Amino acid sequence: MRAFVFILLVALSTSASAQDLALPAEVKAGTDLKFKSGMPGEATLFLTGPGTAVKRTVKPGEEISVGGEHLRNAGSYLVVMKQGSLMVNKSFLVQPADATNIAFLARPSRVPVSTPDAIRGVVFVFDQYDNLVIAPTPVSFDLSVEGGGKISQTVNTR
């Protein structure tokens, strides 16, 4: 692992123009990434990101495909292409996928004592890969207390 990190640090300090890598600025978590390297010959591809490290040899003119299984964790990723002494690198972001799960934390102890039958809560929204979804997402609450009516409200996360 230390040798791999050292190679990436060297790549960052001696990189050529990143315009040779036609990468998107952002992709959604779990989606495949396809791009061309623009390198004139056979090169080595390094991909690093949160929980991911990929090393692969690519041929000239080959379309490079990185499977969505390597891009499940949201965060910043770095692609480095090395051919002899020539290195190019470019970073991109993996954004969370669409919301699929929520975690609700009820906090009755945070409600003023004088407020009867009250619940205060917080909702955390996650995608299918357990990335926190930070985009505003509507969440519907249907709450009721014993002997009382039902209250429904939809709120956007923030």
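Residues numbered from 1 in each chain as written. Predicted model: local features only at pLDDT ≥ 70, side-chain atom pairs only at ≥ 80, totals over all residues. Heavy atoms only, no water.

Novice: Which parts of the structure should I look at to understand the overall build of the protein chain?
Specialist: Helices and strands together make up the secondary structure of the protein chain, namely one helix and 11 strands. Going from the N terminus to the C terminus, the protein chain shows its helices and strands as α-β-β-β-β-β-β-β-β-β-β-β. Burial analysis of the protein chain (158 residues in total) assigns 30% to the buried set. Long-range contacts, defined as pairs at least 24 residues apart, comprise 52% of the intrachain contacts of the protein chain with a sequence gap of at least 6. (Helix = DSSP H or I, 4+ residues; strand = E, 2+ residues; numbered from the N terminus. Buried < 20%, exposed > 50% of the residue type's maximum accessible area, 1.4 Å probe, protein only. Contact = heavy atoms within 4.5 Å.)

Novice: How should I be thinking about the side chain of Thr 137 in this particular structure?
Specialist: Mapping Thr 137 onto the fold places it in the loop between β9 (121-127) and β10 (138-144). Judged by its relative accessible area of 15%, Thr 137 is buried.

Novice: What exactly am I supposed to notice about the nonpolar core here?
Specialist: Ranked by size, the top nonpolar core spans 22 residues in total, and within it Leu 33, Phe 35, Leu 47, Leu 71, Val 79, Met 81 and Phe 92 carry the most contacts. Taken together, the elements giving at least two residues each to this core come down to β2 (33-36), β3 (43-49), β4 (52-58), β5 (63-66), β6 (75-83) and β7 (86-95). Leaving out residues up to four positions away in the same chain, Phe 35 has contacts with Leu 21, Ala 22, Leu 23, Leu 45, Glu 62, Glu 63, Ile 64, Val 66 and Val 79. (Core = buried A, V, L, I, M, F, W, Y, C linked by side-chain atoms within 4.5 Å.)

Novice: Just to check I follow, could you spell out the sheet that holds β4 for this structure?
Specialist: Working definition: the strands of a sheet are paired by backbone hydrogen bonds and lie parallel or antiparallel to each other. Strand order in this open sheet of five strands is β1-β7-β6-β3-β4, and the pairing throughout is mixed. On the outer flanks of this sheet lie β1 (26-28) and β4, each paired with one strand and no other. For this sheet the average axis-to-axis angle between neighbouring strands, irrespective of direction, equals 25°. (Pairing = 2+ DSSP bridges. Axes fitted to C-alpha atoms, helices over the stretch in contact; angles between N-to-C directions.)

Novice: Can you help me understand the pairing of β3 in this one?
Specialist: Both faces of the sheet carry side chains from a regular strand, because those side chains alternate between them. Burial analysis of β3 places five of its seven residues in the buried class, the great majority of the element. Of the pairings in the sheet, the one linking β3 to β4 comprises seven bridges and is antiparallel in character. In the sheet register, Leu 47 faces β4, and the bridge partner there is Val 54. Turn length for the β3-β4 hairpin, with the two strands adjacent in sequence and antiparallel, is two residues, and the turn residue Gly 51 shows positive phi of about 75°. In terms of strand pairing, β3 meets β6 through five bridges, oriented antiparallel.

Novice: Looking at this structure, how should I read the pattern of salt bridges?
Specialist: Close approach of charged atoms allows side chains of opposite charge to pair. Across all of its chains, the model carries two salt bridges by this definition. Across the pair Asp 98 and Lys 28 runs a salt bridge whose closest N-O atoms are separated by 2.6 Å. Of this pair, Asp 98 sits in the loop between β7 and β8 (99-106) while Lys 28 sits in strand β1; the two residues are 70 residues apart in sequence, bridging distant segments of the chain. Residue class for Asp 98 comes out exposed when judged on its relative accessible area of 53%. Of the residues examined, Lys 28 reaches a relative accessible area of 39% and is grouped as partly exposed. Between Lys 59 and Glu 42 there is a salt bridge, and its shortest N-O distance comes to 3.7 Å. Remark: Glu 42 occurs in the loop between β2 and β3 and Lys 59 occurs in the loop between β4 and β5; sequence separation between them is 17 residues. (Salt bridge = Lys/Arg side-chain N within 4 Å of Asp/Glu carboxyl O.)

Novice: How should I be thinking about a nonpolar patch on the surface in this particular structure?
Specialist: A contiguous nonpolar surface patch, about 450 Å² in accessible area, is contributed by Leu 105, Val 122, Phe 124, Leu 132 and Ile 134. On the secondary structure map, Leu 105 appears in strand β8. The exposure class assigned to Leu 105 is partly exposed, which follows from its relative accessible area of 43%. (Patch = residues over 30% accessible without salt bridge, like charges linked within 9 Å, V, L, I, M, F, W, Y side chains within 5 Å. Areas by Shrake-Rupley, 256 points an atom, 1.4 Å probe, with all protein chains shown as cover.)

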